[in-house]
Amino acid sequence: SKGVYIHDIVAITFTNKAANEMKDRVSEFSPVDGDRANISTFHSFCYRMIREEMDYWGLKSIRICNDTQARKLLKEAAEYVGREINRGMQSSIEKLKNRLIYPGHKSLGKDRIRPVYVKYQKLLAQCRLFDFNDLISQAVIMLQEDLGRREKYQKRYRYLIVDEFQDVNNAQFEFVKALHNPKRN
């Protein structure tokens, strides 16, 4: 009734359970719109965006590595640079990605994890894989670097709802910031 269409809105949350609950609520209010609502997790939304924009990364398809594959590649990377894998490595890399710090980023400097991280990212690229944390961080990087793609998504989604916004990490915050169009929303 206010000229806002369901396809103009995207609602993002943290878990599949929360996304399904949001979809159920929309369906109760409007059964027709419930199926068309853009409600998903950050990772799912970014995965769909990356799939739509695969040419940005020079890909014809996208594959996400599971935890087992990620650990195997991380172990291979650590061994390649002469280090033993430890529990903190994967966590350190996840934290770096959540801060949008990739190999080559000036703030990575001479961090102890740097050689492992560099090799891990090269192995992911060679296998044409994204790990779970790449989904958000790579979507952010694309939106920050490619203004045409950024504007496309800002025009597509005029209204942005983030469930539990106070709990977002840096990568999620930067994603919301990049997707948000201050002139329209």
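Residues numbered from 1 in each chain as written. Predicted model: local features only at pLDDT ≥ 70, side-chain atom pairs only at ≥ 80, totals over all residues. Heavy atoms only, no water.

Details of the overall build of the protein chain
Here is step 1: Within the protein chain one finds nine helices and five strands.
Here is step 2: In the protein chain, the order of α-helices and β-strands from amino to carboxyl end is β-α-α-β-α-β-α-α-α-β-α-α-β-α.
Here is step 3: Dimensions along the principal axes, computed over C-alpha positions, put the protein chain at roughly 65 × 35 × 30 Å.
Here is step 4: Counting only contacts in the protein chain whose residues sit at least 6 apart along the sequence, the fraction spanning at least 24 positions is 72%.
Here is step 5: When the accessible surface of the protein chain is split by element, carbon and sulfur atoms take 49% of a total near 11000 Å².
Here is step 6: Measuring between centres, the 33 positive side-chain charges of the protein chain sit 5 Å from its 24 negative side-chain charges. (Helix = DSSP H or I, 4+ residues; strand = E, 2+ residues; numbered from the N terminus. Contact = heavy atoms within 4.5 Å. Areas by Shrake-Rupley, 256 points an atom, 1.4 Å probe, with all protein chains shown as cover. Lys, Arg positive; Asp, Glu negative; His and termini not counted. Charge placed at Lys NZ, Arg CZ, Asp CG, Glu CD.)

Here we look at the side chain of Q138
Here is step 1: Following the sequence through the fold, Q138 ends up in helix α7 (residues 132–145).
Here is step 2: Owing to a relative accessible area of 14%, Q138 belongs among the buried residues under this scheme.
Here is step 3: Looking at Q138, its side chain comes within polar contact range of the side chain of W57, at 2.9 Å.
Here is step 4: With residues up to four places along the chain from it excluded, the contact list for Q138 reads I50, W57, Y102 and F130. (Buried < 20%, exposed > 50% of the residue type's maximum accessible area, 1.4 Å probe, protein only. Polar contact = N/O pair within 3.5 Å; in protein donor to acceptor, adjacent residues only side chain to side chain.)

Re the packing of α7 against helix α9 (residues 170–179)
Here is step 1: The geometry of α7 relative to α9 is characterised by a closest axis approach of 9 Å and an angle of 35 degrees between their N-to-C directions. Between α7 and α9 lies a crossing whose hand is left-handed. Contacts between α7 and α9 involve I136, A139, V140, L143 and Q144 on the former and, on the latter, A171, Q172, E174, F175 and A178.
Here is step 2: Class assignment of the residues belonging to the contact of α7 with α9 gives a composition of seven nonpolar, two polar and one charged. (Axes fitted to C-alpha atoms, helices over the stretch in contact; angles between N-to-C directions. Left-handed = near helix turned anticlockwise from the far one by under 90°. Nonpolar A, V, L, I, M, F, W, Y, C, P; charged D, E, K, R; others polar.)

Examining helix α8 (residues 147–156)
In an α-helix, one turn spans 3.6 residues, which is why side chains three or four residues apart end up on the same side.
Here is step 1: Of all the positions in α8, only R149, Y153 and Q154 are classed as buried. Taken around the axis of α8, the buried residues stretch over an arc of 135 degrees, which confines them to a single face. Exposed side chains of α8 directed beyond 90 degrees from the buried face belong to L147 and K155. (Arc of directions from axis to C-beta.)

Here we look at the sheet that holds strand β2 (residues 38–41)
Here is step 1: Spatial strand order, β2-β1-β5: three strands in an open sheet with parallel pairing. Taken across any chain shown, the strands that pair with only one partner, and hence form the sheet edges, are β2 and β5 (159–162). On average, each strand axis in the sheet is tilted by 20 degrees relative to the strand beside it, whichever way the strands run.
Here is step 2: Sheet topology places strand β1 (residues 9–13) next to β5; four bridges connect them, and they run parallel. The residue bridging I9 from the neighbouring strand is Y159, located in β5. (Pairing = 2+ DSSP bridges.)

Notes on the packing of α7 against α8
Here is step 1: It is the contact of α7 with α8, at a shortest axis distance of 5 Å, that shows an interaxial angle of 105 degrees. When the axes of α7 and α8 are compared, the pair comes out roughly perpendicular. Packed against α7, whose contacting residues are M142, L143, Q144 and E145, the element α8 presents L147, R149, R150 and Y153 at the interface.
Here is step 2: Considered class by class, the residues forming the contact of α7 with α8 number four nonpolar, one polar and three charged. (Parallel < 35°, antiparallel > 145°, perpendicular 65-115°, else oblique.)

Considering the pairing of β1
A regular strand places its side chains on the two faces of the sheet in alternate fashion.
Here is step 1: Most of β1 sits out of view: four of its five residues are buried.
Here is step 2: Taken together, the four bridges between β1 and β2 define a ladder with parallel strand orientation. Within β2, the residue paired with V10 across the bridge is N38.

Thoughts on the environment of L143
Here is step 1: When you line up the elements, L143 lands in helix α7.
Here is step 2: Here the alpha-carbon distance between L143 and I113, two residues 30 residues apart in the chain, equals 27 Å.
Here is step 3: In contact with L143, other than residues within four places in its own chain, are M49, R149, R150, Y153, F175 and A178.

None of the figures reported here should be taken as evidence of function without further support.
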